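# A closer look at the structure
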Amino acid sequence: MKKRFLPFLLLAALGSHAQQTDYSITGVPFTQVKLNDHFWLPRIQTNRTVTIPASFQRCESTGRVKNFEMAAAKSGKFCTTFPFDDTDIYKTLEGASYSLSVFPDATLSKYLDTLIDKIAKAQEPDGYLYTARTIDPAHPHAWAGQERWVKEAELSHELYNAGHLYEAAVAHYQATGKKNLLSIALKNADLVCSVFGPGKRGVAPGHEIVEMGLVKLYRVTGEKKYLETAKFFIEQRGQRKDYDAKNKNPWKNGSYWQDDKSVYDQTEAEGHAVRAEYLYSGMADVAALTGDQKMIAAIDKIWDNVVGKKMYVQGSVGAIPDGERFGDNYDLPNTTAYNETCAAIAGVYWNERMFMLHGESKYIDVLEKTLYNGLISGIGLDGKSFFYTNAMQITNNFSHTAMEPVRSGWFDCSCCPTNLARFIPALPGYVYAQKGNDIYVNLFVSGDASVNVNGKPVQIRQENNYPWDGNLSFTIDPKKATQFNLLVRIPGWANNQAIPSSLYSFQNNSTQKTVIKINGNVAEYTVDKGYAVLNRTWKKGDKVEVILPMEIRKVVASNNIKNDINKVALQRGPLMYCGEWKDNDGRVSNIILPEASSFTSEYNAALLNGVTILKANVPAVDISNDGVNVSTRAQSFTAIPYYAWANRGKGEMMIWFPEKVKDVQLMASDEALTPVVNH
Ligand code: FUB
Ligand code: ZN
């Protein structure tokens, strides 16, 4: 056993030895990127001081911790709702571990050890770990089945729990150097590998993530069986004979679980969105490590499908409430949009991996869109109120919204808050990436990064006020003068591209270009795969300035999205905007944004922790008090960043606004499902 625990510092060496192939590009670890910005650092601090403690507190108060205690004692009754409730502890542990890597905290570290001790005691002698069965094996959770694994392909989540355990264990090991959680994970993974595989039991895991988790264990230990089992699980999809391919019901034809065909034949994103994107992330990992080009070709096609046909304008996916799933192509309704926060997080995981496979900026463009909009909209500014689903539109006259426009502290199914708890502290790891002589700047966040270019240490300092301001400054400090390529992402939005597909576009092209200066002189640069290539022998103190055009852009949708025809949305920099009741006389569903309307922007430090707002004078539709006259009047309209909505009470919110009124349908009561203004 001992020789499998490899010192963290040796992992890189082990990796190159044990692995034939891998991602050609790697992220600069978040531990090497120290942020000092005003946008992300406060969020990371709030995550550390509010979200993680609140999350652990909820794990305690709801009985999630008690489930482990009862499993250890083998007595009692599973006391929460879902068999995957164990994962809320794993995910919070993962987030806390990332946080510890950067902000040492002896009390937190000790608390993690007490939790890990409880987890260890709940593990069965052969490694099985699943409180929903272990507490009372004769009466397991209804979703679990009488025997281990028999309902894994449907809803038991035994392997889902395992996957989150592995992710948490690797994070904890890397943060603390302690092996207590990692040994639990490895014992479980050894059991999983002994049960599943060629000639053994086969299953397409009912909720993917075990694939990514196994890959992480492989990277830590070099044990090939973990990688092989991850690949085995991926290749199990589409093997079941009992699905009815002709049935449109996604549960009957297997598409809810991405199990209707072999992954190599899948071309469209289908089924449950979080499951799907965890699968695609796992496929990217396995393909990178095995060189499986067919697997890469499959996720390439699926990515084109998502970005070309299934993504909302603010980067969210998973439009359909029934099954929390992807809809048909262009099926992106605003009134019922589901958009689970976990699906946004999964989308970031997947796009980062696509970038590491291909080195193209379009993946980071999508990542950035999701990150700054549909992902952080999932967490309130207080760090302890959350959206599970992320609405596109809340209007008083629709009874049809998928959600109440109010954030909650927790949910019965609390996957999203705990997913945020683990995602946010790792954010600095998305800023830079590296490949040989190339350093990629993917995100624009102030702070200091330490990178190594072919063994030579280089410090990079970013100073900016992004996302409010497009003036970016970089100071390059190599220890000794060093030749390398600094590849700065030119965001698609700075280059007249609303999204890397034809799904959305800017209404008008801009003539403003990104300007780059080196040491004060305008630099000529070539663009390769979306990156400005700055190649020189860098000397201490070299300064790069990048000036991104931060115009206010109007976005229009492809006519294939029926719900967005004749409408516009507003964007500035990476941020999508919305109108919210609070800034607009109590409502926004009466606002028209004519093509000629023009906006100004201003930074308001006192609003919503500091945001740039957009303002315009626009027509608003009024009904007279006696209810017999409909007229328009000019109104000052304010738009706020979409991520910041629903932090000031409950009311209307819209992202897409009509450019003109095409028809008016009258209604006499709030019960009608038709809007007042039909556009
Ligand atoms: O099934 C586990 C998690 O619960 C999923 O990822 C979420 O969509 C929620 O259904
Ligand atoms: Zn979730």
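What comes next is a walk through the structure. Remember, predicted model here, so these are calculated numbers, not experimental data.

Moving on: empty space enclosed by the protein. Tallied over the entire structure, the rule returns three cavities of 30 Å³ or more. Estimates place the volume of the largest cavity at around 70 Å³. Lining the largest cavity are Asp-365, Glu-368, Lys-369, Gly-492, Trp-493, Gln-497, Ala-498, Ile-499, Pro-500, Gln-571 and Pro-574. Counting residues per element, the lining of the largest cavity draws most heavily on helix H15 (residues 361-375), at three residues.

Counted according to the given criterion, the structure contains 37 aromatic pairs. With a centroid separation of 6.1 Å and 85° between ring planes, the pair formed by Phe-84 and Tyr-160 is classed as edge-to-face. One end of the pair, Phe-84, is in the loop between helix H3 (64-73) and helix H4 (86-102); the other, Tyr-160, is in helix H7 (residues 158-176), and 76 residues separate them in sequence. Residue Phe-84 is classed as buried on the basis of its relative accessible area of 11%. On the accessibility criterion, Tyr-160 (5% relative accessible area) is buried. Their ring planes at 90° and their centres at 5.3 Å tell us that Tyr-128 and Trp-149 sit as a pair that is edge-to-face. With a gap of 21 residues between them, Tyr-128 in the loop between helix H5 (106-122) and helix H6 (131-134) and Trp-149 in the loop between H6 and H7 connect regions that are remote in the sequence. The pair formed by Tyr-128 and Trp-149 is uniform in burial state, with each residue classed as buried. Cluster of aromatic residues (ring-pair linked, three or more members): Phe-39, Trp-40, Tyr-372, Phe-444, Tyr-466, Trp-468, Tyr-603 and Tyr-643. Between Arg-148 and the ring centre of Tyr-128, over which it is positioned, the NZ or CZ distance is 4.0 Å.

Take the coordination of the zinc ion (ligand 2) next. The protein atoms that coordinate the zinc ion (ligand 2) are Glu-340 (OE), Cys-342 (SG), Cys-415 (SG) and Cys-416 (SG), at distances of 2.1 to 2.3 Å. Geometry at the zinc ion (ligand 2) is tetrahedral, judged from the four donor atoms that bind it and their angles of 96 to 119° at the metal. Each donor residue of the zinc ion (ligand 2) belongs to the same chain, with the gaps between them written as E-x1-C-x72-C-C. With Glu-340 in the loop between helix H13 (293-309) and helix H14 (341-358) and Cys-416 in helix H16 (residues 415-423), the pair connects residues that are 76 residues apart, well separated along the chain. One exposure class covers both Glu-340 and Cys-416, and it is buried.

Around ligand 1, the neighbouring residues are Phe-84, His-157, Tyr-160, His-207, His-272, Val-274, Glu-324, Glu-340, Tyr-388, Cys-413 and Cys-415. Contact distances for ligand 1 include 2.7 Å between an oxygen atom and a side-chain N or O atom of His-157. Within the side chain of His-272, a nitrogen or oxygen atom sits 2.7 Å from an oxygen atom of ligand 1. Here the shell around ligand 1 is composed, by residue class, of six nonpolar, three polar and two charged.

A cluster of nonpolar side chains, Ile-623, Val-630, Val-661, Val-664 and Leu-666, forms an exposed patch at the surface whose accessible area comes to about 450 Å². Tracing the chain through its elements places Val-664 in strand S24 (residues 663-664).

The interhelical angle for the contact between H14 and H15, taken along N-to-C directions, is 160°, at an axis separation of 8 Å. Regarding the angle of H14 to H15, the classification is roughly antiparallel. Seen along the crossing, H14 lies across H15 with a hand that is left-handed. Where H14 abuts H15, its residues Thr-341, Ala-344, Ile-345, Val-348, Asn-351, Glu-352, Met-354, Phe-355 and His-358 lie against Tyr-363, Ile-364, Val-366, Leu-367, Thr-370, Leu-371, Gly-374 and Leu-375. Looking at side-chain class alone, the contact of H14 with H15 contains eleven nonpolar, five polar and one charged residues.

In this section: the packing of helix H8 (residues 180-195) against helix H10 (residues 224-235). The interhelical angle for the contact between H8 and H10, taken along N-to-C directions, is 55°, at an axis separation of 10 Å. On the basis of their axis angle, the class for H8 and H10 is oblique. Every pair of crossing elements has a handedness; the one defined by H8 and H10 is left-handed. Of the residues in H10, those in contact with Leu-186, Ala-189, Asp-190, Val-192 and Cys-193 of H8 are Lys-225, Tyr-226, Thr-229 and Phe-233. Of the residues contributing to the contact of H8 with H10, the split by class is six nonpolar, one polar and two charged.

What counts, and at which threshold
- Residues numbered from 1 in each chain as written.
- Chains lettered and ligands numbered in written order.
- Predicted model: local features only at pLDDT ≥ 70, side-chain atom pairs only at ≥ 80, totals over all residues.
- Heavy atoms only, no water.
- 1 Å grid on protein atoms, 1.4 Å probe; cavity = no way out; pocket = protein on both sides within 12 Å on 5 of 7 lines; lining within 4 Å.
- Points joined across faces, edges and corners; volume = space filled by probe spheres on them.
- Helix = DSSP H or I, 4+ residues; strand = E, 2+ residues; numbered from the N terminus.
- Phe/Tyr/Trp six-rings, centres within 6.5 Å; stacked < 30°, edge-to-face > 60°.
- Buried < 20%, exposed > 50% of the residue type's maximum accessible area, 1.4 Å probe, protein only.
- Lys NZ or Arg CZ within 6 Å of the ring centre and 35° of its normal.
- Donors = N, O, S within 2.8 Å, 3.2 Å for Na, K, Ca; no water.
- Tetrahedral: all angles 85-135°; square planar, octahedral: opposite > 155°, others 65-115°.
- Near = heavy atom within 4 Å.
- Polar contact = N/O pair within 3.5 Å; in protein donor to acceptor, adjacent residues only side chain to side chain.
- Nonpolar A, V, L, I, M, F, W, Y, C, P; charged D, E, K, R; others polar.
- Patch = residues over 30% accessible without salt bridge, like charges linked within 9 Å, V, L, I, M, F, W, Y side chains within 5 Å.
- Areas by Shrake-Rupley, 256 points an atom, 1.4 Å probe, with all protein chains shown as cover.
- Salt bridge = Lys/Arg side-chain N within 4 Å of Asp/Glu carboxyl O.
- Axes fitted to C-alpha atoms, helices over the stretch in contact; angles between N-to-C directions.
- Parallel < 35°, antiparallel > 145°, perpendicular 65-115°, else oblique.
- Left-handed = near helix turned anticlockwise from the far one by under 90°.
- Contact = heavy atoms within 4.5 Å.

Geometric descriptors of this kind do not, in isolation, establish any biological role.
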